[in-house]
Amino acid sequence: MIYQRSSQLFAEAEKVIPGGVNSPVRAFKGVGGTPIFAKSAKGAYLYDEDDNRLIDYINSWGPMILGHAFQPVVDAIIEKAKKGTSFGMPTELETKIAELAVSMVPNIDKIRFVNSGTEACMSAIRLARGFTKRDKIIKFAGCYHGHSDSFLIQAGSGASTFGTPNSPGVTQGTAKDTLLAGFNDLENVKALFSANKNEIAAIIIEPVAGNMGCVPPSAGFLQSLRQLCDENGTLLIFDEVMTGFRLAKGGVQELYNVKADIVCFGKVIGGGLPVGAFAARNEIMNYLSPLGPVYQAGTLSGNPLAMAAGFAMLQTLNNDSDIFKRLEEKTAYLHKGIEKVLTANNIVFTINRVGSMISVHFDANPVYDFNTAKNGDNETFKKFFHGLLLEGVYIAPSAYETWFITDALTYEDLDFTIAAIDKVSKSL
Ligand SMILES: *Cc1c(COP(=O)(O)O)cnc(C)c1O
């Protein structure tokens, strides 16, 4: 038993924390078994409470794009901490990180910092509703925008009807304002616009989806959404909590050359501390309190430690002209390697990848939306996950998650991973 101490710690945690975890996917419900407890991490490696070394492909679900305990980020946090950890007053550093973010991302003039991606998305739709004076929003099945009420909606009896809440505690009243469409299904979106003329405040989308595995937009899909929004006086919100500062300096707007009206950030922008942000052009951002009528606030928003970590992270990404190319090359190398060994072992699979986001689906058919993502063979995934864990490779404990490649991974690490996948796939 190589996860003895982790198992004990989990048993203790379960007594005082619901399910033993502070965020559900950590509990290994999708794969069985009990979660690994982290003790420390450095670069591409995690060390658990049983002192096993794991090559990490989760990377805190995205933020650690430069690897764990990245020195400039750690130094920035330590220096700041010595000078006080929270003031509830403006600080110069908030302006500096805002200036840097605005200079890196296209089509934004102003940015407001919050404490999580959930907060960013929740605030973005409030702003869109206030700005357009409309109530309804369109979201896509399989896209995750955090856990605020409006987003916990699944397809009910079809995407053209009102959504029903898929969590107790979300009221029908909230659910009725969230319209659900299929990812990459333009006709579906058009039908929602026809049925709800002048009522739709915003479309919110993960422009490259990462919460049903990695699912790229089909050619022209984002551009068509842009056009539909323009024709209907609707705002287009890109939830770039996962993709922002990961797929390109300017995120998906830059990568696919399409303009969003509001952009949400999280994960990488905080350098591993709790940070989210939302941004837009002046006309929209000036609608926000205290300039405008839409209220939004936070006691710890713009926290100095969080801003120091985020600033060090963004500066590093901004100053390294090669970083996104390097990440893409490493991910492409891994992609090829996995493809080769899975094929050699007669495993049925599809691999999706954009930049440094990649996912392996145990299904032969293309994965382009939530339904096709659900077709993957979950029993095979479970065996794959636990097999890799025993080999010292840690991927997300769910078939619906993207793997995140970090700059700290060496080609030796990638070769080790490919060899582990080869070994594991022989027993699938
Ligand atoms: C992680 C994520 C969120 C939620 O961010 P939290 O910081 O977990 O609240 C929102 N949107 C997307 C696309 C995400 O990947």
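Calculation rules
Residues numbered from 1 in each chain as written. Predicted model: local features only at pLDDT ≥ 70, side-chain atom pairs only at ≥ 80, totals over all residues. Heavy atoms only, no water. Pairing = 2+ DSSP bridges. Helix = DSSP H or I, 4+ residues; strand = E, 2+ residues; numbered from the N terminus. Domains from an automatic or database assignment. Contact = heavy atoms within 4.5 Å. Buried area = accessible area lost by both parts, 1.4 Å probe. Salt bridge = Lys/Arg side-chain N within 4 Å of Asp/Glu carboxyl O. UniProt positions renumbered as here; feature names shortened; annotations may be inferred. Buried < 20%, exposed > 50% of the residue type's maximum accessible area, 1.4 Å probe, protein only. Near = heavy atom within 4 Å. Polar contact = N/O pair within 3.5 Å; in protein donor to acceptor, adjacent residues only side chain to side chain. Areas by Shrake-Rupley, 256 points an atom, 1.4 Å probe, with all protein chains shown as cover. Nonpolar A, V, L, I, M, F, W, Y, C, P; charged D, E, K, R; others polar. Axes fitted to C-alpha atoms, helices over the stretch in contact; angles between N-to-C directions. Parallel < 35°, antiparallel > 145°, perpendicular 65-115°, else oblique. Left-handed = near helix turned anticlockwise from the far one by under 90°. Expected span 1.5 Å × (residues − 1). Core = buried A, V, L, I, M, F, W, Y, C linked by side-chain atoms within 4.5 Å.

S.K.: Would you mind showing me how to read the sheet that holds strand 1 (residues 38-42) here?
M.R.: Neighbouring strands of a sheet are bound in pairs by backbone hydrogen bonds; such pairs are parallel or else antiparallel. Pairing in this open sheet of 4 strands is mixed, and the strands run 1-2-3-15 from one edge to the other. Edge strands, defined here as strands with exactly one partner in the open sheet, are strand 1 and strand 15 (393-394). As defined by bridge partners, strand 2 (residues 45-48) adjoins strand 3 (residues 53-56) across 3 bridges and the pair is classed as antiparallel. Paired with Tyr-45 across the two strands is Ile-55, which belongs to strand 3.

S.K.: Sorry if this is basic, but what is going on with the domain arrangement of the chain here?
M.R.: As a measure of interface size, the accessible area lost when the parts come together is often cited. Here the chain is described as being made up of domain 1 (4-69 + 323-425) and domain 2 (71-319). For domain 1 versus domain 2, the separation of C-alpha centres amounts to 25 Å. At the interface, 29 residues of domain 1 touch 31 residues of domain 2. Across the interface of domain 1 and domain 2, roughly 2,300 Å² is buried in total on both sides, 68% from carbon and sulfur atoms. Per-residue buried area on domain 1 facing domain 2 is highest for Phe-324, Val-354 and Met-357; these three make up 26% of the total on that side. On the surface where domain 1 and domain 2 come into contact, there are 0 salt bridges.

S.K.: In this structure, what is going on with the UniProt feature "modified residue: N6-(pyridoxal phosphate)lysine" (unreviewed entry) in the chain? I would like to understand it.
M.R.: The UniProt record marks Lys-267 with the feature "modified residue: N6-(pyridoxal phosphate)lysine" (unreviewed entry), using the residue numbering of this structure. For Lys-267, a relative accessible area of 25% gives the class partly exposed. What Lys-267 contacts, discounting residues up to four positions off in sequence, is Trp-61, Pro-63, Val-241, Met-242, Gly-272 and Val-275.

S.K.: Even after reading the chapter, I still don't get the site of the ligand, so can you show me in this structure?
M.R.: Taken together, the neighbourhood of the ligand is formed by Ser-116, Gly-117, Thr-118, Tyr-144, His-145, Gly-146, Glu-206, Asn-211, Asp-239, Val-241, Met-242 and Lys-267. Within the side chain of Asn-211, a nitrogen or oxygen atom sits 3.2 Å from an oxygen atom of the ligand. Expressed as a share of its isolated accessible area of 380 Å², the protein-covered part of the ligand is 83%. A per-class count over the shell around the ligand returns 3 nonpolar, 6 polar and 3 charged.

S.K.: What is the right way to read the packing of helix 2 (residues 71-81) against helix 10 (residues 304-319) from this model?
M.R.: Axes are the key here: two packed helices are described by the angle between their axes and the distance separating the axes. Direction vectors running N to C along helix 2 and helix 10 enclose 150°, while the axes themselves pass 8 Å from each other. The orientation of helix 2 relative to helix 10 falls into the category roughly antiparallel. For the pair helix 2 and helix 10, the crossing hand works out as right-handed. Along its contact with helix 2, which presents Pro-72, Val-73, Ala-76, Ile-77, Lys-80 and Ala-81, the element helix 10 presents Pro-304, Leu-305, Ala-308, Ala-309, Ala-312 and Met-313. Here the residues of the contact of helix 2 with helix 10 sort into 11 nonpolar, no polar and 1 charged.

S.K.: Is there a simple way to explain the environment of Met-307 in this structure?
M.R.: Considering the arrangement of structural elements, one finds Met-307 in helix 10. Taking the C-alpha atoms as reference, Met-307 lies 9.8 Å from Thr-95; in sequence the two are 212 residues apart. In this structure Met-307 touches Leu-93, Glu-94, Ile-97, Phe-113, Val-275 and Gly-302, once residues within four positions along its chain are discounted.

S.K.: Even after reading the chapter, I still don't get helix 7 (residues 221-232), so can you show me in this structure?
M.R.: In an α-helix, one turn spans 3.6 residues; hence positions three or four apart end up facing the same way. For helix 7, spanning 12 residues, the distance from its first C-alpha to its last is 17 Å, which sits close to the expected 16 Å at 1.5 Å a residue. Packed against the buried residues of helix 7 are strand 5 (136-140), helix 6 (186-195), strand 9 (200-205), strand 10 (235-239) and helix 8 (251-255). Where helix 7 ends, the next residue or the one after it, Gly-233, has phi of about 65°, a positive value.

S.K.: I would appreciate a short explanation of the nonpolar core in the present structure.
M.R.: Ranked by size, the top nonpolar core spans 113 residues in total, and within it Tyr-57, Phe-140, Leu-225, Phe-245, Leu-317 and Trp-403 carry the most contacts. Considering every element that reaches this core, the biggest residue donor is helix 10, with 10 residues. Both of domain 1 (4-69 + 323-425) and domain 2 (71-319) provide at least three residues apiece to this core. When near neighbours in sequence (up to four residues on either side) are disregarded, Leu-317 contacts Ile-65, Leu-66, Met-104, Phe-245, Lys-249, Val-268, Ile-323 and Phe-324.

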